[in-house]
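Results of the structural survey
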Amino acid sequence: MVERTLTVQVARIARQTPEILSFELAHPMGRRLPGYRAGAHIDVHMPGGFTRQYSLARDAGAEDGASSYLIGVKREPASRGGSHSMHMRVREGDLLPVSTPRNTFPIREEARHHILLAGGIGMTPLLAMAQALTRAGADFQLYLFVRSEEHLAFADALRDPAIASHLRVHFDDGDASRKINLRQLLAARKPGTHLYVCGPAGFMQAVRHAAAHWPDDAVHTEYFAAPADAAGGTGKPFVLQLRRRGITVPVAGDQTAVDALHAFGIDVPVSCEQGLCGTCVVDADGEDAEHRDFCLTRGERVKKVALCCSRAKGDALAIDL
Ligand code: FES
């Protein structure tokens, strides 16, 4: 689908937890919105000039259109402005520009079993996946890790018997005997099982350790932010070889590949600029790249590269532009 910007109207704001509000976004004229598959997210352009990505928290039910988009926004105390803007400045009836949905975290067709692991607000894409998997009659389990019952968002959707029968919730402050041990949970992998993970940095790291022995292409992650130890987008200088144009573009050490292309007048769409969202991914000789993204699998990295953060391993990187 070609990505474009649409204007949606905030149809309903609901408090889900002390820190999380849900926003239901609808077409201002009541028409259907572009459809999507579970795991998709949209960019929301909010008051104050901020743009943030939010996962769609509900299965659209059909790919040809959606009656509305549902997102959950946690107010982060260290917010650079995005979640604060949504909580404090957006009201029901307001119009907001959003991107059409984009999906870098899809349900894998080849999987025979699905394990969905979410920490806190990371539940939003996984709730949509659970609904889609229910609809497909697939074999899945949804595990949610939250601080306490009070911090459990979208409780109504989770009470749906079709979801509840696949759900286990771990409360940090709960009964020790009912807590979920990640290492035990992921110790053995049934063949054909795929793991989908979304949550805050500490949770992602704990899952990565517990699933270190899983095949890379069976573990799918959606990060909110690049981990604190991420390398960023700068490093040694190199040259981008643009195969379609037949030209080369030098990338300085203090530039990202995207910066160098933009300075050359070549437009590459970007959104998160942290290697999370997949907007800047292009086909490339991926084996020549030093990949620094958090959205491509090992298999995808053979043929693709995220230009906002990744660089050449050596002196040059050929890309399909
Ligand atoms: S702009 Fe989001 S991955 Fe590059």
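From a predicted model like this one, the values you see are computed outputs, not experimental measurements.

What counts and how
Residues numbered from 1 in each chain as written. Predicted model: local features only at pLDDT ≥ 70, side-chain atom pairs only at ≥ 80, totals over all residues. Heavy atoms only, no water. Domains from an automatic or database assignment. Contact = heavy atoms within 4.5 Å. Buried area = accessible area lost by both parts, 1.4 Å probe. Salt bridge = Lys/Arg side-chain N within 4 Å of Asp/Glu carboxyl O. Pairing = 2+ DSSP bridges. Helix = DSSP H or I, 4+ residues; strand = E, 2+ residues; numbered from the N terminus. Axes fitted to C-alpha atoms, helices over the stretch in contact; angles between N-to-C directions. Buried < 20%, exposed > 50% of the residue type's maximum accessible area, 1.4 Å probe, protein only. Expected span 1.5 Å × (residues − 1). Core = buried A, V, L, I, M, F, W, Y, C linked by side-chain atoms within 4.5 Å.

Right, let's get into the domain arrangement of the protein. Its domain assignment divides the protein into domain 1 (5–99), domain 2 (113–223) and domain 3 (238–319). Look at where the C-alpha atoms of domain 1 and domain 3 centre, and you get two points 29 Å apart. The interface is formed by four residues belonging to domain 1 together with four residues belonging to domain 3. Each partner contributes to the roughly 250 Å² buried at the junction of domain 1 and domain 3, and carbon and sulfur atoms together form 36% of this total. At the junction of domain 1 and domain 3, the tally comes to zero salt bridges.

As summarised here, the arrangement of the five strands in space is 9-8-7-10-11, forming an open sheet in which the pairing is parallel. Edge positions in the sheet fall to strand 9 (167–171) and strand 11 (219–223), since each of these pairs with one other strand and no more. Across the sheet, the axes of successive neighbouring strands diverge by a mean angle of 15 degrees, strand direction being ignored. Taken together, the six bridges between strand 7 (residues 113–119) and strand 10 (residues 193–199) define a ladder with parallel strand orientation. Across the sheet, residue Leu116 finds its bridge partner in strand 10, namely Tyr196. The strands that helix 2 (residues 123–136) touches are strand 7, strand 8 (139–146) and strand 10; relative to strand 7, the one it contacts most, it runs at about 155 degrees.

One non-glycine residue, Phe154, lies in positive phi territory at about 55 degrees. Its location among the elements puts Phe154 in the loop between strand 8 and helix 3 (155–159). Note on Phe154: relative accessible area 6%, which makes it buried. Backbone geometry at Glu273 places phi at a positive 55 degrees, although glycine is not the residue there. You can see Glu273 is positioned in the loop between helix 7 (257–263) and strand 14 (281–283).

As a further point, take helix 2. In this model helix 2 runs 19 Å from its N-terminal to its C-terminal C-alpha over 14 residues, within 8% of the 20 Å that 1.5 Å per residue would give. A large share of helix 2 lies buried, amounting to eleven of its 14 residues. Three or more residues of helix 2 are buried, namely Met123, Thr124, Pro125, Leu126, Leu127, Ala128, Met129, Ala130, Gln131, Ala132 and Leu133. Directly beyond the C-terminal end of helix 2, a positive phi value near 70 degrees is found at Gly137.

Attention shifts here to the sheet that holds strand 18 (residues 316–319). Judged by pairing direction, the sheet is mixed, and its three strands sit side by side in the order 13-12-18 without closing on themselves. For this open sheet the edge positions go to strand 13 (247–251) and strand 18, each flanked by a neighbour on one side alone. If you compare each strand with its neighbour and ignore which way they point, the axes differ by 25 degrees on average. Where strand 12 (residues 238–242) lies against strand 13, five bridges are found, and the strand directions are antiparallel. Paired with Val239 across the two strands is Pro250, which belongs to strand 13.

So, on to the nonpolar core. Soluble globular proteins tend to pack their nonpolar side chains together in the buried interior. Counting residues in hydrophobic clusters, the biggest one holds 29 residues, and the most contacted among them are Leu116, Met123, Leu126, Leu142, Leu144 and Leu158. Taken together, the elements giving at least two residues each to this core come down to strand 7, helix 2, strand 8 and strand 10. With eight residues, the single largest contributor to this core is helix 2. A domain split of this core shows at least three residues from each of domain 1 (5–99) and domain 2 (113–223). Sequence-distant contacts of Leu116, defined by excluding residues within four places in its chain, comprise Leu126, Met129, Ala130, Leu133, Phe140, Gln141, Leu142, Tyr143 and Tyr196. Grouped together as the second largest cluster of nonpolar side chains are 24 residues, Leu240, Val268, Ala289 and Val305 included.

A word on the side chain of Thr193. Among the secondary structure elements, Thr193 is positioned in strand 10. A relative accessible area of 4% means that Thr193 is categorised as buried. Setting aside anything within four residues of it in sequence, one finds Thr193 in contact with His113, Ile115, Trp214 and Ala218.

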